[in-house]
Amino acid sequence: MAPTKGDKEAPFLLYADDRGRLLEHPFLRMAGFSGYEPFPLEEADLVPVPEYSKMFFLPGCPPVGVDPDTGRYEILEEARVGRCYAVAAFLEPGIVRTHLPASDCRDKDTVLPTWAYTAVGFRDGACWAAGFRVEENPRWDPRNYDDRELIPAMETYRLDHDGPLVEHLAHCATSNHCFAAKNLFLRRWEAPLPVSRACNAACLGCLSLQPDAGCEASHQRISFKPSVEEIASLAVDHLEASPRAIVSFGQGCEGEPLTEHELIAESIRRIRKRTDRGTINLNTNGSMPDRVREIAKSGLDSIRISMNSARPAFYRAYYNPQGYDFDDVIESVRMSHEMGLYTMINYLVFPGVSDQEAEVEALKEMIAGTGAQFLHLKNLCIDSQLYLESMPQDHSPVLGVRRMASELTRVFPDLSLGYFNQAVRD
């Protein structure tokens, strides 16, 4: 029997050999995991892998496929090419993954880099991944980020602006290929304002600081404290000149921006003395409500508060908070909405954890109690095995990520689900 529900047969299993070549199995079909367990794939869970996605193979992890005749899951350890390895996709922004790659990682002895590994298969000459598009936003389409346009734009930008923050963001734009940093030099859409060298959390999946070489950080954390003058100069120029302009404190290349709350508040006041255009946003872990209040009073427009779970034990297991706790985060969400900020939750989605029935109930309770207006369904970038081994053991039934999103929309018709920060001022 086919392992997906619908009119079409499931894609074939995709696997890799020792050289990293991707191969289509002639018989076994694609499978997907939720946590450690296989979870049924439906046709509605499948999307063609977009052009600018990435493909990986998982060293030490043989793939798991489905026998279409029996419906049984089988581990493919070897084929004519030799050892076989599971394959995963990292999808373009805007698509939420529904299933993890089906693989046997019991013998894996490495920590994978921080990507959102997604189940993938092959059908009709194309790769198909397990996910659904939650937001279509051309401003974050990779096709709009051509470095042949970026380099001359950077040269022109430096005629008007120089300083350590510009140089830091130039590195982010060219070496890390940060879309937000590119936007600064292209004078459009959302641009970053990183400020913080320190953090009060020790996240398992930190992008800018890892405690050892087992999992290399994907970003270089800012190493200096920017001046109010440079922050305001870059922000005002961007807000005045750019369409749908947003400037955001709190980036992957820094720690927690609330550790520099006075700098942020003074910078916002300086910005708003010079322009009332555009959106000033703060991305934060929401750990210090009093500091959130101070920044909100300075003229902030929107806030995006990150969490991996609405359950305290799961939150603590991922964030490892230092000097704050989950209740502080919830208070920041509630207070932000009460103070009139456009309040967003950056919800880090992980199949098999985020879509547990107990988690969905806790998430509904949190949304109802805080008034949050927008829920980012953002794929959590982390080695799946590392994350699952670090989470509390909970045997709550799993709904599936797509059904989780549908349930939230049903219960909260005014809640927006999406993937990107929203411009709330012209």
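Structure: see above.
Residues numbered from 1 in each chain as written. Predicted model: local features only at pLDDT ≥ 70, side-chain atom pairs only at ≥ 80, totals over all residues. Heavy atoms only, no water.

Caption draft 1: Geometry of the state of the cysteines. Under the criterion given, the structure shown has one disulfide. Each sulfur in the disulfide pair Cys61 and Cys105 lies 2.5 Å from the other. Disulfide Cys61-Cys105: the torsion about the S-S bond is 120°, which places it as right-handed. With Cys61 in the loop between β8 (54-58) and β9 (64-66) and Cys105 in the loop between β15 (100-101) and β16 (120-123), this residue pair connects regions lying 44 residues apart in the sequence. Of the two residues, Cys61 and Cys105, both sit in the buried class. Free of any disulfide, Cys127 has its nearest neighbouring cysteine sulfur in Cys84, separated by 16 Å. Looking at Cys172, it has no disulfide partner, and the nearest cysteine sulfur is the one in Cys253, 3.9 Å off. The class for Cys172 is buried, based on a relative accessible area of 3%. (Disulfide = S-S within 2.5 Å. Helix = DSSP H or I, 4+ residues; strand = E, 2+ residues; numbered from the N terminus. Buried < 20%, exposed > 50% of the residue type's maximum accessible area, 1.4 Å probe, protein only.)

Caption draft 2: A look at unusual backbone geometry. Notably, Trp189 is not glycine yet its phi reads approximately 55°, a positive angle. Checked against the element boundaries, Trp189 lands in the loop between α3 (179-186) and β18 (190-192). In this structure Trp189 comes out as buried when scored by relative accessible area, which is 17%. A positive phi angle is found at Asn320, which is not glycine, with a value near 45°. You can call Asn320 partly exposed: its relative accessible area is 30%.

Caption draft 3: Broad picture of the packing of aromatic side chains. Under the defined criterion, the tally for this structure stands at 17 aromatic pairs. Judged by centre distance (5.9 Å) and plane angle (70°), the ring pair of Tyr318 and Tyr387 falls under edge-to-face. With Tyr318 in helix α7 (residues 312-319) and Tyr387 in helix α10 (residues 384-390), the pair connects residues that are 69 residues apart, well separated along the chain. A single burial state applies to Tyr318 and to Tyr387, both of which are buried. Between Phe350 and Tyr387 the ring centres are 4.6 Å apart and the planes differ by 40°, which places this aromatic pair in the tilted class. Here Phe350 is found in the loop between β22 (342-349) and α9 (357-370), whereas its partner Tyr387 is found in helix α10, with 37 residues between them in sequence. With relative accessibility at 0%, the residue Tyr387 sits in the buried group. Cluster of aromatic residues (ring-pair linked, three or more members): Tyr315, Tyr318, Tyr319, Tyr324, Phe326, Phe350 and Tyr387. Above the face of the Tyr419 ring, Lys378 is positioned so that its terminal group lies 5.2 Å from the ring centre. (Phe/Tyr/Trp six-rings, centres within 6.5 Å; stacked < 30°, edge-to-face > 60°. Lys NZ or Arg CZ within 6 Å of the ring centre and 35° of its normal.)

Caption draft 4: Local environment of α9. Taking 1.5 Å per residue as the helical rise, α9 with its 14 residues ought to reach 20 Å, and the 20 Å between its terminal C-alpha atoms agrees with that figure. Those residues of α9 not exposed but buried are Glu359, Val360, Ala362, Leu363, Lys364, Met366, Ile367 and Thr370. Here the buried face of α9 lies against β21 (302-307), α8 (326-338), β22, β23 (374-379) and α11 (401-411). Positive phi appears at Gly371, one or two residues downstream of α9, with a value of about 80°. (Expected span 1.5 Å × (residues − 1). Contact = heavy atoms within 4.5 Å.)

Caption draft 5: Representation of the sheet that holds β22. Spatial strand order, β18-β19-β20-β21-β22-β23-β24: seven strands in an open sheet with parallel pairing. Every other strand in the sheet has two partners, leaving β18 and β24 (416-418) as the edge strands with one partner each. Taking each pair of neighbouring strands and ignoring which way they run, the sheet shows an average axis angle of 25°. Judged from the four bridges that link them, strand β19 (residues 246-249) and strand β20 (residues 279-284) form a sheet pairing that is parallel. The partner of Phe249 across the bridge, within β20, is Leu282. Together, β21 and β22 form the strand contacts of α7, whose direction differs from that of β21 by roughly 90°. (Pairing = 2+ DSSP bridges. Axes fitted to C-alpha atoms, helices over the stretch in contact; angles between N-to-C directions.)

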